Amino acid sequence: MGRWPGIAAALAFGILSAAAGAESLSRGKDIAEAFLAGETDAVWAEMSPEMKSALGTADALAAVQADMRRDFGSESEVLSERMLRDGPYDVYERTARWTGSATPLQITVALDPDGQVAGLWVRPQPKTADSPYLDYETKTALRLPFDGAWYVYWGGRRVEDNHHAIDAGQRFALDLLVMQHGQSHSGDPAILENYYCWDRPILAPAEGVIVRAVGHLPDQPIGKSDPSNPAGNHVVIDFGNGEYGFLAHLRQGSVTVAEGDQVTTGTEVGRCGNSGNTSEPHLHFHLQTSPSLGHGEGLPAQFLSYLADGEAIENGEPTRGQTVQPIK
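The structure displayed is predicted, hence computed values, not measured ones.

### Observations concerning the overall build of the protein
At step 1: Of the regular secondary structure elements, the protein holds 4 helices and 17 strands.
At step 2: Relative to its length of 328 residues, the protein is compact, with a C-alpha radius of gyration of 21 Å against a globular reference of 20 Å.
At step 3: Seen through its principal axes, the protein has C-alpha atoms that stretch 60 × 40 × 35 Å.
At step 4: When each of the 328 residues of the protein is scored for burial, the buried share is 51%.
At step 5: Contacts in the protein between residues at least 24 apart in sequence constitute 64% of all its contacts with a sequence separation of at least 6.
At step 6: Of the accessible surface of the protein, which amounts to about 14000 Å², a share of 48% is contributed by carbon and sulfur atoms.

Here is the structure:
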């Protein structure tokens, strides 16, 4: 089945507090299970006006549910459930085996701030992209591209840990933000300045030459994104040895380097922002074989001398759920 009408996909999801996460998980699960059970009138009643307009009628929703049953059978084993935050949306994600499908299916329910269903998808479980670089060892001596402690929201080699892993060019990418007391922001989440990572310095992880520097794009308000410029304001650094580093979603007007500049390790190249195809302020970093986004192959990025959840790492790849910071 294809993607349903609803919210646009973003490059990063945010974090739910434990209490909000439990409540949204329960509601998202109830809606998903009502849909799976064929209680489509009940699901229709919970949909936002935009979703109803996109689908047309409650009968259309029932027809899609019937098609799903015909094509895939029924759930036989739930493999995982989780709750994510995508800008203002709480997103319930459930992966399960089905009697009529060799591939597990993923059902996703997005809830808007009013608790209405703003998105609903059923699709095969995403798979990691093939890569000839699974055993690759980074040639560049990389440091983490920031000071202080940052949280790895997407990172690792499995799709469960890293939604970038389905894309060959961003196969080993990282999304990082700053967390305090289980939240990525204080106060009103609609205010960019309330995010803890907002305007923090972003640093060159190694010496190299700037081959791309974009800094004029606007920062997106929460709930909006710019898919036409997915990286937003960003810097690409040629580290040599066929390794190019991308640092993306920088704050408008903060980029301090230009194409052709030589930078040293730790040089400030910009500030953390919310430009591009993003759901909230964060830093996106990945290493690849080409200086052009969408071309080339992703490379593992192994960083030197950092702490991961307080443990000293001499050389490693940060993974989803870790709090990491450089050792000076």
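### Let's talk about the side chain of S48
At step 1: Examined against the element boundaries, S48 turns out to sit in the loop between α2 (40-45) and α3 (49-55).
At step 2: Sequence-distant contacts of S48, defined by excluding residues within four places in its chain, comprise D112, Q116, V117 and A118.

### Examining the environment of H234
At step 1: By secondary structure assignment, the location of H234 is in strand β9 (residues 233-240).
At step 2: Residue class for H234 comes out buried when judged on its relative accessible area of 11%.
At step 3: Separated by 103 residues in the primary sequence, H234 and S131 place their C-alpha atoms 25 Å from one another.

### Comments concerning helix α4 (residues 58-72)
Given 3.6 residues per helical turn, the α-helix brings residues three or four places apart onto the same face.
At step 1: Counted at 1.5 Å a residue, the expected span for α4 with its 15 residues is 21 Å, and the 21 Å between its end C-alpha atoms agrees.
At step 2: Among all positions in α4, only A58, L61, Q65, M68 and F72 are buried. Around the axis of α4, the buried residues are gathered within 80° of arc, so they sit on the same side. Seen from the open side of α4, the exposed residues pointing more than 90 degrees away from its buried face are D59 and R70.
At step 3: Directly after α4, the chain includes G73, whose backbone phi takes a positive value near 80°.

### Structural notes on the confidence of the model for the protein
At step 1: Of the residues in the protein, 92% reach a pLDDT of 70 or more, and the chain-wide mean stands at 89.
At step 2: Under a pLDDT of 50 for its full length, residues 1-21 has, in the predicted model, 83 contacts with residues more than four places off or in other chains.

### Quick look at the pairing of strand β13 (residues 283-288)
At step 1: Counting buried positions over the 6 residues of β13 gives 6, a clear majority of the element.
At step 2: Of the two faces of β13, the one holding L283, F285 and L287 and the one holding H284, H286 and Q288 are both buried throughout.
At step 3: One ladder, built from 3 bridges, connects strand β6 (residues 174-177) with β13; its direction is antiparallel. Its bridge partner lying in β13, L176 is registered against L283.
At step 4: In the sheet, β13 pairs with strand β14 (residues 298-299) via 2 bridges, with the strands oriented antiparallel. Bridge pairing links Q288 to G298 in β14.

### Things to note about unusual backbone geometry
At step 1: For D199, which is not glycine, the phi torsion reads 70° and is therefore positive.
At step 2: Relative to the helices and strands, D199 is located in the loop between β6 and β7 (201-203).
At step 3: Note on D199: relative accessible area 26%, which makes it partly exposed.
At step 4: One non-glycine residue, S305, lies in the positive phi region at around 50°.

### Describing the packing of aromatic side chains
At step 1: Under the defined criterion, the tally for this structure stands at 5 aromatic pairs.
At step 2: Here F146 and W150 contribute two aromatic rings whose centre-to-centre distance is 4.7 Å and whose plane-to-plane angle is 20°, an arrangement assigned as stacked.
At step 3: In this structure F146 comes out as buried when scored by relative accessible area, which is 0%.
At step 4: Aromatic ring contacts, followed pair by pair, group Y151, Y153 and W154 into a single cluster.
At step 5: The ring centre of Y153 lies 4.3 Å from the NZ or CZ of R320, which sits over that ring.
At step 6: Taking the ring centre of W154 as reference, the NZ or CZ of R320 above it sits at 4.8 Å.

### What to know about the pattern of salt bridges
Oppositely charged side chains are able to pair whenever their charged atoms sit close together.
At step 1: Taken as a whole and assessed by the stated rule, the structure comprises 16 salt bridges.
At step 2: Ionic pairing is found between E77 and R97, a salt bridge with its closest N-O pair at 3.3 Å. Of the two residues, E77 is situated in strand β1 (residues 75-86) and R97 in strand β2 (residues 89-98); the sequence distance between them amounts to 20 residues.
At step 3: Residue class for E77 comes out partly exposed when judged on its relative accessible area of 42%.
At step 4: Put simply, K29, E33, E75, E81 and R94 are held in one network by salt bridges that share partners.

### Structural notes on the side chain of S290
At step 1: Considering the arrangement of structural elements, one finds S290 in the loop between β13 and β14.
At step 2: One polar contact links the side chain of S290 to the main-chain amide nitrogen of S292, over a distance of 3.1 Å.
At step 3: Discounting residues that sit within four places of it in the chain, S290 has contacts with Y244, F246, H295 and G296.

About the criteria used
- Along each chain, residues carry numbers from 1 onward, in the same order as the chain's sequence is written.
- Totals for whole chains, interfaces and linings use all residues, but because this is a predicted model, local features are given only for residues with pLDDT of at least 70 and pairs of side-chain atoms are given and counted only at 80 or more.
- Hydrogens are left out, water is left out, and the side-chain values use all remaining heavy atoms of the structure.
- For the purposes of this entry, the term helix denotes a DSSP run of H or I that reaches at least four residues, the term strand denotes a run of E that reaches at least two, and both are numbered from the N terminus.
- Only C-alpha atoms enter the radius of gyration, while the globule expectation follows 2.2 Å times N to the 0.38, with N the number of residues.
- We call a residue buried when its accessible area falls under 20% of the maximum for its residue type, exposed when it is over 50%, and partly exposed in between, using a 1.4 Å probe and counting protein chains only.
- Only heavy atoms enter the contact rule, under which two residues are in contact if any of them lie within 4.5 Å.
- Where accessible areas are quoted, they stem from the Shrake-Rupley method and a 1.4 Å probe; at the residue level, only the protein chains shown are allowed to cover.
- The span one expects for a helix is its residue count, reduced by one, times 1.5 Å.
- This arc is built from the directions going out from the helix axis to the C-beta atoms.
- Each residue gets a pLDDT score, which is the predictor's confidence in that residue and runs from 0 to 100.
- Two strands make a pair as long as DSSP finds a minimum of two bridges between them.
- Here is the rule: rings of Phe, Tyr and Trp (six-membered ring for Trp) pair when centre to centre is within 6.5 Å. Planes less than 30 degrees apart are stacked, more than 60 are edge-to-face, and the remainder are tilted.
- As a reminder, the over-ring test applies to NZ of lysine and CZ of arginine, requiring each to be within 6 Å of the ring centre and within 35 degrees of the ring normal.
- Every case where a carboxyl oxygen of Asp or Glu lies within 4 Å of a side-chain nitrogen of Lys or Arg is listed as a salt bridge.
- Polar contact criterion, stated in full: a pair of N or O atoms within 3.5 Å, where within protein one must be able to donate a hydrogen and the other to accept it, and residues adjacent in sequence count only if both atoms are side-chain atoms.

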